[in-house]
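Examining the three-dimensional arrangement
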Amino acid sequence: MDVSQRYREAWEGFWSATSDAPGEAIWDADPSLSSGPHSELLLPYVDTSLPVADLGCGNGTQTRYLATRFPRAIGVDLSHAAIAHAHRADPDGVAEFAQLDLVDAEAVAALHERIGDTNVYMRAVIHQSEPEARPAVAAAVATMVGERGRAFVAELTPASKEVLQQAAQGPGGPPEKLRRVLDHGLKPAGATEEEVPQLLRAAGLTTLAGGDTALAQTEYLPDGTRIDLPARWFVLAPSSAVG
């Protein structure tokens, strides 16, 4: 299975039109607001001798931070343009980056074969994936963790769509960074409240910990309030490892 051509082109178009400046993508928050605190939630459950794979890494901001917490960090993304951003932002090779379609089960299995069981970081990928592709994205997490790895997954909830709709209806229309997301046909907060945990269970993953959170964005409302999007987080293990 592969993602649709429309979806692939939407992401290539978005990243090709985005500059290398930090924070240019609306979700490109500083790690102190994202992978930093997320790591603190994940680390109590992991074998820290294992590498970490950042699935849907975008321009690699979070991957580079994760490389400071794990012995090896590999970021993968569907978009070739995103991976090009990631390489340019990491001239010293702190992390590794590769183009990968998470829906391509053979390609995901090949990556797992190459690096072995790994811890996984995945922030806000399932919610914006095409509905028919979401089970495969969840399955990619399970493939990568294998038996020994653990995963941190954070996904927007439907309440985020309301926040974004309110932001888009401001007097000047959508803020610039949100407008670029919408202009490229990307659809945030598309998954239902129960869909994400159901997909993770169906993929053979068990939730060890979880809760409500908000994913910080790099865009602001006209009154200067930062846009924070309601989300849920999960720390996951293969069901076979805890059954």
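Our structure is the block above this text.
As the structure is a computational prediction, the values presented were derived from the model and not from experiment.

1. Observations regarding a nonpolar patch on the surface
Where nonpolar side chains cluster on the molecular surface, the patch consists of Tyr45, Leu208 and Val242 and spans about 220 Å² of accessible area. The residue Leu208 is located in strand 6 (residues 205-220) in this model. For Leu208, a relative accessible area of 31% gives the class partly exposed.

2. Here's the deal with the packing of aromatic side chains
The description of an aromatic ring pair uses the distance of the two centres, along with the angle that the planes make with each other. For the coordinates displayed, the defined rule picks out eight aromatic pairs. Taken together, a centroid distance of 6.5 Å and an interplanar angle of 70° make the contact between Tyr7 and Trp11 edge-to-face. Here the residue Tyr7 and the residue Trp11 both occupy positions in helix 1 (residues 5-16), the gap between them amounting to four residues, near one helical turn. Residue classification places Tyr7 among the buried positions, given a relative accessible area of 8%. The exposure class of Trp11 is buried, given its relative accessible area of 11%.

3. Digging into helix 5 (residues 105-115)
Structurally, the α-helix is built with 3.6 residues per turn, so residues lying three or four positions apart point the same way. Those residues of helix 5 that sit buried are Val108, Leu111, His112 and Ile115. Buried positions in helix 5, seen along its axis, are confined to an arc of 100° and lie on one side of it. Exposed side of helix 5, more than 90 degrees from the buried face: Glu106, Glu113 and Arg114 are the residues found there. Contacts made by the buried residues of helix 5 are with strand 2 (73-77) and helix 6 (134-145).

4. Things to note about the pattern of salt bridges
Scanning the model with the defined rule gives nine salt bridges in all. The partner of Arg180 in a salt bridge is Glu24, and the shortest N-O contact between them spans 3.4 Å. One end of the pair, Arg180, is in helix 8 (residues 176-183); the other, Glu24, is in the loop between helix 1 and helix 2 (35-42), and 156 residues separate them in sequence. For Glu24, a relative accessible area of 24% puts it in the partly exposed group.

5. Side note on the nonpolar core
The biggest cluster of nonpolar side chains holds 73 residues, and the ones touching the most others in it are Leu55, Leu102, Val120, Met122 and Leu200. If you tally residues by element for this core, the top one is helix 6, at eight residues. Ignoring sequence-local partners within four residues, the contact set of Leu102 consists of Leu55, Gly56, Val76, Val108, Met122, Val125, Ala136, Val137 and Ala140.

6. Describing the environment of Arg72
Topologically, Arg72 is positioned in the loop between helix 3 (61-66) and strand 2. On a C-alpha basis, the gap between Arg72 and Glu155 in space is 24 Å, while along the polypeptide they are 83 residues apart. Non-local contacts of Arg72, meaning those with residues more than four positions away in its chain, are made with Pro51, Val52, Glu96, Arg114 and Ile115.

Basis of the calculations
Residues numbered from 1 in each chain as written. Predicted model: local features only at pLDDT ≥ 70, side-chain atom pairs only at ≥ 80, totals over all residues. Heavy atoms only, no water. Patch = residues over 30% accessible without salt bridge, like charges linked within 9 Å, V, L, I, M, F, W, Y side chains within 5 Å. Areas by Shrake-Rupley, 256 points an atom, 1.4 Å probe, with all protein chains shown as cover. Salt bridge = Lys/Arg side-chain N within 4 Å of Asp/Glu carboxyl O. Helix = DSSP H or I, 4+ residues; strand = E, 2+ residues; numbered from the N terminus. Buried < 20%, exposed > 50% of the residue type's maximum accessible area, 1.4 Å probe, protein only. Phe/Tyr/Trp six-rings, centres within 6.5 Å; stacked < 30°, edge-to-face > 60°. Arc of directions from axis to C-beta. Contact = heavy atoms within 4.5 Å. Core = buried A, V, L, I, M, F, W, Y, C linked by side-chain atoms within 4.5 Å.

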